[in-house]
Structure formats: structure tokens, C-alpha cells
Amino acid sequence: MSALELQGPMTRTIIVSATLESLSIDDATTSSQSYELQLARAFAEIQSTTVISLVAVDDARLDGLKLVGLRSEPRGFTSAWSLTRELLREKRRGTQVISFGYDPLMVLPLVLARALGANAYTIVFDTHVGSSERFAPVKRTLVNAYFGLGILLLRALSGLFVVTREAEERFSRLNGRTLRTRIGFDVERAKPWGRPLSEEFSVIYAGALEVYNGIQQMMDGVILRNRDDSSTRPVVLHLYGTGNLRSMVEVYAARHEGIVYHGVGVKSQVEAAVLRSNLAFNLRDLDHPVSVNAFPSKLIELLGSGVPVATTAVLPSALLSRFALVVAEVSAESVMEALRRAENNYAIFAEKAASAPSFIECEYDWQVIVSDMSGFMGGVSTTVV
């Protein structure tokens, strides 16, 4: 008899997504989409799981995971009403409903679902601050008030999941049932990195093109390094993604040979580009408000692949220094110095990076993570006590 059979009747989980268009991980274009889909797949391993997607056009099934497409928009009143109607059609008693973030129009359907018998939770691993900081003051104030309402509504949910200690301290005061969780690593999809042979020193960044990810400093640092007389071969920075700084990146790419912008790539394209790279950048600004709730999912994936990484201390420096090159601050000079160190001591950094995948596989196991989450919600848990 299996471990799941010993658990008795399987709990049912509904995961609400605002952006997933299919159940294929290769269609994911953002780290959030990748996380949502990997989370759903991991839950499907231990219990009946359905993804309700606001934007998906077609229903689908894959490896025991079901997708229900609402053919709506990622946000807005119409989407909120479509989600509410779908949740009303579902069998709610004993069902675990999980959503993401604190948009009030997404939280309200969860509050209703809980009132009708479901256990309703949301995962807070991001913040609206990063997308609103470039707004005019009046618009930014209105946006902050809107999302402030959503945060207050979190009180009415069955519980919350967060991914940082700072977020846990903040949100546990709002909702006493708050669990700090992690983002897992998909071992089955991992492809081992091998040192590329190229005339250029290829560096990759894949993610949101936003101020808090050190995009301009990254590009300026590459330009400084290429102007340095001690540079033995050209450094080329390949960027994937989109965001508020996209226009700036396009201008840099048009003016500098060492900057190449590839636009938005699906997960398989980005993974292939990582495997062709000498170094990957992860330069999150630790002083930016967006870092309070954020978990370094991209860094976990990079370390899991075994590629050498230059990163700010989004995880404890003592831990990161075992596997990566830690960048002290987000500045062009620090980026240039990191590139110099990586080039001059490349064999050492490549050896350190090669030891990371086994650590990541053990520390960020999806099955352990979702089992703990389900146990917290009162459902199936396969964790051995």
C-alpha cells in the first residue's frame, strides 16, 4: 500500500493563476509562471489538483493535473466575476484554494469561497511596489491604496504563505496563520551546464527589466570591463525579458556590441541560453522594497543548473560564497570587478558552481515543500515525522 493510500481520501487543491496559458513548462515566459506550474505539478503528485487560469483559452489535462481556462483577462472586474462563478461551481467543502498576491479583486473571490466552506490561501512572494514606483505621485498613491485594501482583506483568508523572514514577520501580524515556505527546484528538467568554448565571455541575465534588478548597472559594468585594457576577450551580455526598462535596454543594445537584447524567451529558450553562458547575473537590489517579499527563484534555478553565478546576497553570504561569486553592491564598478574576478579565476568559480546542484536538489525539494504546505492547510502530508 502506498503512502498516499495510507492517508485516506485525497484532498482536492485548486490553484488560481492569472497568467498561465497551458500546462507546458516550456510555454512559461516568467519566473512566476514557472513557479505556479511547478507548484501545481508537485501538488498533483499527492492530491487531486486543478489549475483555474483566468487567461487560458482551452481546458487541458497533463499527468493528473487539470487546467480550466476562463478565457478572460489577467485582472479586472470581469476576471474577478469569472473566477467567482467558477469557484461557485466547484465542490468547495474541504477544498484547498490557493492564489497568489493580494490584488483585492483576486482576494475577494477567495473570501467568498472560504465563507462557503473552502480553505482559502494566498501566496505572497512579490509586491506591487516594483511596478508602481515609476508612476506619477497621484497615480502611485491610488495604486498603493488599492493594494492596501487587498492586504487588509488577507485577514479574512484561512491563512497565508510567504517566502522571506521579513514577510513572515509582517504578514503574521495581519493573519495569525502564516507559513514561511520556499520555492522548489525541478530536478527532472535540470540539464547540466558544461563550460562553453567561445571567443567571447558570454554573460546572461534573464528576468524582469526593472530598476531593482540592477539592469543599468549590469550593462554599464560590462561596458567598463570591455574598455579595460586588462580584458583578454570581449564580454557580451545577453538579456532576456521585459519590463519598465525595456526601452533603455534596446538603446544600449543598439549602441554597444557587448549588449545583446533577445526580447522575451520561453523557458526552454532561456534554459538553452544559460547552458551556453560563461556566467549568469542575479543583481537584485537588497535595499529596494520589492526585496522584502521576494524569494530568489531565478538564482535557485541558476545554481541548480551548475552555471557560475555572480549575485548579490539574496541568500546568506556565507552560504552563497560556497557556490557563487557574491557582488557586494549594485554598481557598475562592482559589476566590472565581478567580471574581472570571474575571468581571472574562472576555473575556481566553475568548480564551486559544479557543487551547487546537489545542494539545491536537497534543500529545495518540491515534494517536501508541497507536503508541508498541504499539512499546514490540513490536507495530505507525506512528510516523515
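Residues numbered from 1 in each chain as written. Predicted model: local features only at pLDDT ≥ 70, side-chain atom pairs only at ≥ 80, totals over all residues. Heavy atoms only, no water.

Student: What is the right way to read the overall build of the chain from this model?
Tutor: Across its full length, the chain carries 16 helices and 14 strands. Expected size for 385 residues packed as a compact globule is a radius of gyration near 21 Å; at 21 Å, the chain falls within 12% of this value. Over its C-alpha atoms, taken along the principal directions, the chain stretches across nearly 70 × 60 × 40 Å. Across the 385 residues of the chain, 52% fall into the buried class. Of all intrachain contacts in the chain linking residues separated by at least 6 positions in sequence, the fraction that spans at least 24 positions is 69%. A total accessible area of about 17600 Å² is found for the chain, and carbon and sulfur atoms account for 53% of it. On the chain, the mean spot of the 38 positive side-chain charges and the mean spot of the 41 negative ones are 6 Å from each other. (Helix = DSSP H or I, 4+ residues; strand = E, 2+ residues; numbered from the N terminus. Rg over C-alpha atoms; globule rule 2.2 N^0.38 Å. Buried < 20%, exposed > 50% of the residue type's maximum accessible area, 1.4 Å probe, protein only. Contact = heavy atoms within 4.5 Å. Areas by Shrake-Rupley, 256 points an atom, 1.4 Å probe, with all protein chains shown as cover. Lys, Arg positive; Asp, Glu negative; His and termini not counted. Charge placed at Lys NZ, Arg CZ, Asp CG, Glu CD.)

Student: Explanation requested: the confidence of the model for the chain in the structure shown.
Tutor: Segments scoring low in pLDDT should not have their predicted coordinates read at a detailed level. On average, residues of the chain carry a pLDDT of 88, and 92% of them reach 70 or more. Of all helices and strands in the chain, the one with the weakest mean pLDDT is helix α1 (residues 3–6) (38), whereas strand β11 (residues 259–261) scores best (98). (pLDDT = per-residue confidence, 0-100.)

Student: Honestly, the layout of surface pockets in this entry has me stumped. Any pointers?
Tutor: One way to see where empty space is left: roll a probe the size of a water molecule over the atoms. Estimated volume of the second largest pocket: approximately 490 Å³. Around the second largest pocket, the lining is made up of 17 residues, and of these R41, E45, D186, E188 and Q367 lie nearest the centre. Broken down by element, the residue count for the lining of the second largest pocket peaks at 4 residues, all from helix α2 (residues 31–44). Grouping the constituent residues of the lining of the second largest pocket by class yields 7 nonpolar, 2 polar and 8 charged. (1 Å grid on protein atoms, 1.4 Å probe; cavity = no way out; pocket = protein on both sides within 12 Å on 5 of 7 lines; lining within 4 Å. Points joined across faces, edges and corners; volume = space filled by probe spheres on them. Nonpolar A, V, L, I, M, F, W, Y, C, P; charged D, E, K, R; others polar.)

Student: Teacher, can you tell me more about the side chain of S297 here?
Tutor: Checked against the element boundaries, S297 lands in helix α11 (residues 297–305). In contact with S297, other than residues within four places in its own chain, are S31 and I183.

Student: Looking at this structure, how should I read the nonpolar core?
Tutor: The nonpolar side chains of soluble globular proteins are, as a tendency, buried together. Judged by nonpolar contacts, the single largest core of 84 residues is most densely connected at L39, L237, L239 and F281. Considering each element in turn, this core owes the most residues, 7 residues, to α2. In contact with L237, other than residues within four places in its own chain, are V203, I204, Y205, M218, M219, V222, G258, I259, V260 and F281. L54, V55, V107 and A118 belong to the second-largest nonpolar core, a separate cluster that totals 29 residues. (Core = buried A, V, L, I, M, F, W, Y, C linked by side-chain atoms within 4.5 Å.)

Student: What is the right way to look at the side chain of K267 in this model?
Tutor: Considering the arrangement of structural elements, one finds K267 in helix α10 (residues 267–275). Within the structure, the side chain of K267 is placed 3.1 Å from the side chain of E301, a separation counted as a polar contact. Each residue touching K267, except ones within four places of it in the same chain, is listed here: I25, D26, A28, S34, Q38, R189 and E301. (Polar contact = N/O pair within 3.5 Å; in protein donor to acceptor, adjacent residues only side chain to side chain.)

Student: I keep staring at the pairing of strand β10 (residues 235–240) and nothing clicks. Help me out?
Tutor: Within a regular strand, the side chains alternate between the two sheet faces. Most of β10 is tucked away: 6 of the 6 residues are buried. Of the two faces of β10, the one carrying V235, L237 and L239 and the one carrying V236, H238 and Y240 are both buried. Alignment of strand β9 (residues 201–206) against β10, held across 6 bridges, turns out to be parallel. Paired with V203 across the bridge in β10 is L237. Pairing of β10 with β11, which is carried by 3 bridges, proceeds in the parallel orientation. Bridge pairing in β11 links L237 to I259. Note that the unit made of β10, helix α9 (residues 246–255) and β11 has a crossover that is right-handed. (Pairing = 2+ DSSP bridges. Right-handed = clockwise from strand over helix to strand, strands pointing away.)

Student: Whenever I open this one, the sheet that holds strand β1 (residues 12–17) confuses me. Can you help?
Tutor: As a general point, the strands of a sheet are linked pairwise by backbone hydrogen bonds and lie either parallel or antiparallel. Spatially, 8 strands are ordered β3-β4-β2-β1-β5-β6-β7-β8 in an open sheet, and the strand pairing comes out mixed. With partners counted over all chains shown, the strands left at the sheet margins are β3 (60–62) and β8 (178–180), one partner each. Direction aside, the axes of adjacent strands within the sheet are offset by 20° on average. Strands in contact with helix α3 (residues 77–89) are β1, β2 (48–53), β4 (65–69) and β5 (96–100); relative to β2, the strand with the most contacts, it is inclined by about 155°. (Axes fitted to C-alpha atoms, helices over the stretch in contact; angles between N-to-C directions.)

Student: How should the sheet that holds β9 be read in this particular structure?
Tutor: Spatially, 6 strands are ordered β11-β10-β9-β12-β13-β14 in an open sheet, and the strand pairing comes out parallel. The sheet terminates laterally at β11 and β14 (325–326), the two strands that pair on one side only. Alignment of strand β12 (residues 279–282) against strand β13 (residues 309–311), held across 3 bridges, turns out to be parallel. Looking across to β13, one finds that A280 is bridged to V309. Running at roughly 160° to β10, helix α8 (residues 215–227) makes contact with β9, β10, β11 and β12 of the sheet.

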